[in-house]
Amino acid sequence: MEHQVFVPVPADDLRAVLRDPARLAGCVPGWQQDADTGTGPLAGRLKVRVGGSTVTYRGALTVTERDPAHFTVDGEGTEARGSGTVRFSLDLRLAGAEGGTRLDLAAGGTADGRAAAFTPEAAAAAVRRMLERAAEQLAAAAGEDSAGEEAAAEVSDPVADAEAVEEAAGTGEGLDEGLGEVTASLFDTEVPPPTLDPFLAGEFEDFDGAPRPPAEAAHARRTMIGRSAEEVDHAPPRGRYAPVPAPSSTTAGDSLRWIAPAAALALASAVVIGRALRRRR
């Protein structure tokens, strides 16, 4: 079967991916590399879905570059759970097009086992779907390389920049560009009044126009002179800001303190008076 796919990447980027077996293996849909890395990235398992069935083949792929615009991919494999085999060959040609590259694909192969039971229409649809997905992933891999090269070109070399600065400093060229004349001085800058003296800002004025601090502020300044910061922080407030003591509350216990002795005294007096009256009778 023959098939054409357009990809929006240059042919040189596609050619770089086709020449790298590791990157090319990542573009094959359903491909899983063997755990044994010594066999290479193009040896492993390929899972193929045809209709409602899935077949897994274990084998290897071989990529050959005929010329810069012509590549061939040959592969063979055996069913992972069976004795069926498959062999295929893919002819890939790169043709320049406006805004990208056209891929001319020609595929053919033979199979037995489970693959031989599929209808030609189902097998052709499965192969066409695999080719389109492989072309999309091939374009994505090539696009990542293009984006990486553009980003690397935009990033400046810090060593080269440092050398350029040193050369400019040695020759004196380029240092005065973009710099205006500095006329202001640090010592000419007006210093604002401290925030601890609010009366200096002109917020409190008497009738004669002279700024005066309020009475509370003056009292606080007088009391803080000669005292440490710890004493000032922990000293209780005075004057109008002093805490008002809570009124003493009278409870029933305080009343019983004098009622009980008075009752005892009255009882004793009644007993004495009663005895005295009996003796007189």
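Residues numbered from 1 in each chain as written. Predicted model: local features only at pLDDT ≥ 70, side-chain atom pairs only at ≥ 80, totals over all residues. Heavy atoms only, no water.

(A) Here's a closer look at the overall build of the protein chain. Scanning the protein chain for helices and strands turns up seven helices and seven strands. Starting at the N terminus and walking to the C terminus, you meet the elements of the protein chain as β-α-α-β-β-β-β-β-β-α-α-α-α-α. Taking contacts inside the protein chain between residues at least 6 apart in sequence as the whole, the part at least 24 apart equals 47%. For the protein chain, the accessible area works out to roughly 20,600 Å², and carbon and sulfur atoms hold 56% of it. (Helix = DSSP H or I, 4+ residues; strand = E, 2+ residues; numbered from the N terminus. Contact = heavy atoms within 4.5 Å. Areas by Shrake-Rupley, 256 points an atom, 1.4 Å probe, with all protein chains shown as cover.)

(B) Inspection of the sheet that holds strand 2 (residues 31–33) at higher detail. On the basis of which strands lie adjacent, the open sheet formed by seven strands has the order 1-7-6-5-4-3-2 and antiparallel pairing. Of all strands in the sheet, those with a lone pairing partner are strand 1 (2–7) and strand 2, marking the two edges. Here the strands of the sheet are splayed against their neighbours by 30° on average, with no regard to which way each runs. Of the pairings in the sheet, the one linking strand 4 (residues 53–67) to strand 5 (residues 70–79) comprises 10 bridges and is antiparallel in character. Within the sheet, the bridge partner assigned to alanine 60 lies in strand 5 and is glutamate 76. The strands touched by helix 1 (residues 11–18) within the sheet are strand 1, strand 4, strand 5, strand 6 (85–97) and strand 7 (100–111), with strand 6 carrying the most contacts at an inclination of about 155°. (Pairing = 2+ DSSP bridges. Axes fitted to C-alpha atoms, helices over the stretch in contact; angles between N-to-C directions.)

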